[in-house]
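Fold and contact review
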Amino acid sequence: MSSSEENSRTKHESVTTPHWKAPLEPVPLLAHYRRMPTTSTDLMEEIRALKKARNAVILAHNYQIAAIQEVADFVGDSLGLSRQAAATGADVIAFCGVHFMGETAKILNPLKTVVIPDLEAGCSLSDSCPAPKLEAFLHEHHGKNYYVIAYINCSAGVKALADVIVTSGNAARIVEAAPADRNILFVPDQNLGAWVTEQTGRKMDLWQGHCYVHVEFTRESIHRIKAGHPEAVVVAHPECTLAVRLLADEVCSTEKMVTFCKDHAAQTFIIVTESGMLHRLEREIPGKTFIPGPTDHCACADCRYMKMNTLEKLRDCLANLEPRIEIPEDVRRPAERSVRRMLELSA
Ligand code: SF4
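The text that follows walks through the structure, step by step, so that each part is easy to find.

The rules behind these values
Residue numbers restart at each chain and count upward from 1, following the sequence in its written direction. Only residues with pLDDT of at least 70 get local features here, since the model is predicted, and only at 80 or more are side-chain atom pairs given and counted; chain-wide, interface and lining totals rely on the full set of residues. Each helix corresponds to a stretch of at least 4 residues labelled H or I by DSSP, and each strand to a stretch of at least 2 residues labelled E; elements are numbered beginning at the N terminus. Residues with at least 20 neighbouring C-beta atoms inside 10 Å of their own are called buried, those with 12 or fewer are called exposed, and the rest are partly exposed, where every C-beta is derived from the backbone. Placing a C-beta atom from the backbone of each residue, one calls two residues in contact when those atoms lie within 7 Å. Nonpolar core, as used here: buried Ala, Val, Leu, Ile, Met, Phe, Trp, Tyr and Cys residues forming one set through C-beta atoms within 7 Å. DSSP-based pairing: two strands are paired if at least 2 bridges between them are found. Every angle, taken between N-to-C directions, lies between 0 and 180 degrees, and every axis is a line fitted to C-alpha atoms, over only the stretch in contact when it is a helix.

**Quick word on the environment of Pro 188**
Along the chain, the position of Pro 188 falls in the loop between strand S7 (184-187) and helix H11 (190-200). The class of Pro 188 is buried, set by 28 C-beta atoms lying within 10 Å. Excluding anything up to four places from it in sequence, Pro 188 contacts Leu 125, Ser 126, Ser 128, Cys 129, Tyr 151, Cys 154, Trp 207 and Gly 209.

**Considering the nonpolar core**
The nonpolar side chains of soluble globular proteins are, as a tendency, buried together. Within the largest apolar cluster, 98 residues are counted, with the highest numbers of intra-cluster contacts made by Leu 59, Ala 94, Ile 149, Val 187 and Val 272. Once residues lying within four places of it in the same chain are set aside, the contact partners of Val 187 are Cys 129, Leu 134, Val 148, Ala 150, Tyr 151, Cys 154, Val 158, Trp 207 and Gly 209.

**Details of the sheet that holds strand S2 (residues 74-76)**
Paired through their backbone hydrogen bonds, the strands of a sheet run either parallel or antiparallel. Pairing is parallel in the open sheet, where four strands are placed in the order S2-S1-S3-S4. Of all strands in the sheet, those with a lone pairing partner are S2 and strand S4 (113-115), marking the two edges. Strand-to-strand, the axes of this sheet are offset by a mean angle of 20°, without reference to chain direction. Examined bridge by bridge, strand S3 (residues 92-96) and S4 share three bridges and lie parallel to one another. From the neighbouring strand, Ile 93 faces S4, where its bridge partner is Val 114. Together, strand S1 (56-61), S3 and S4 form the strand contacts of helix H16 (residues 311-320), whose direction differs from that of S3 by roughly 160°.

**Notes on unusual backbone geometry**
Backbone torsion omega between Val 187 and Pro 188 reads -15°, so that peptide bond is classified as cis. Between Glu 322 and the following residue, Pro 323, the backbone shows a cis peptide bond with an omega angle of 5°. Along the chain, Pro 323 turns up in the loop between H16 and helix H17 (329-345). The backbone of Asn 55 sits at a positive phi, close to 50°, despite the residue not being glycine. Within the secondary structure layout, Asn 55 lies in the loop between helix H3 (40-54) and S1. Exposure remark for Asn 55: the 11 C-beta atoms within 10 Å place this residue in the exposed category. In this structure, Asn 145 is a non-glycine residue whose phi angle is positive, near 45°. With respect to the helices and strands, Asn 145 occurs in the loop between helix H8 (131-140) and strand S5 (147-151).

Don't take any of this as a statement about function, it's just geometry.
Structure below.
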C-alpha cells in the first residue's frame, strides 16, 4: 500500500481504541466469572448483571444467534437499531451485529462508549466499497456531480462521502426525495439499488457490490423449495438477485417481513434471507411456520460475520469495555450529517 493510500485509509476508516480512553473501568468480577463453568442461562444472567452495572443497552440485529436476541434490549433491522441508538440514554451501547453497525451507533453517539463483541465481524458488502476507492471514483467522475446515496451497510468513511444514507426499509422513499436535477450514484449494493429503481423508476448508477450471503440464493434453489411447499408464501430480501426476487411474493426489509407475515392470511412462509431472521419471526409470530430459504449447497444461509458474535464475547465486551469503536471527528461529523438526513427523511 502506498503512503497516500495509507493516509487516505487513516482519514476515512474508523479505528478502535483498546483501553486508554476508557471513561469506565473494567468490572473486576470478570476473572471470577471466567473460572466458573457456564451455561447459556448463567451467561445471560452475567450479561444482564453487567448491563445494569454499566448502564448499558444491548442492540441486536435480526441476524444474530437466538441467545443474543433473547438477551438484547432491542432486536431489529438497521433502521430500527439506528433509531434506538439515536434515542438511548444509556452510557454504553453494546452492538451485536457487524462492525459498520457499531460505527453507525458511534456516529450518532460520539460521547458514549460503543462496544462490539468481535472486532473481526465485518461485512463483505461494506468491504466491496472502500472509502478511498469511492473518493477516487467521485474525483474521476466529478463532471457527473453525483448525489451519493449509500446503503447503511458501509464504513463510516463511505458514509462521510455520501449525501444521504438509506436502509432497505426506507430506500425507495429516500431515493424519491433525491434532487431531480442530480445524477445518483447508489453504493454499495447493486441488487438493492436495482430493486429501488424498479420501485421508483429513478435511474441510478450502481456500485458493483453485493452481499455474499444473499447472492447464494439461486433461482434453482428457490424453485426446489417452492415445489416442496406449494402453499408457502415466499418473502425475500432485496439484497437477493433479480432472478430470486422475481420468484418472491414479497420483497422487503427484515423489519417489514415481521408485519407482512403477521398480517398475511397464509400459515407457511419461505424466508429468503440470513437464517437469524427465523428466530425473530418464530418468536413474534407463534403458530405460523417459517422455512429458511436454501442455497444450492445448504438448507439455510448463515452470515459468517454475524455468527462470530457469541454470548461469551458479549459478556466480555461489557466487562472489559472493548473492543471499542472510535471514529476520527473529521470522518464522524460528515457521516453523522448523512445518517441524520436519513432519520429525518424516514421519520
Ligand atoms: S448478511 Fe451480508 S450484508 Fe449482512 S453483514 Fe453479512 S455479509 Fe454483510
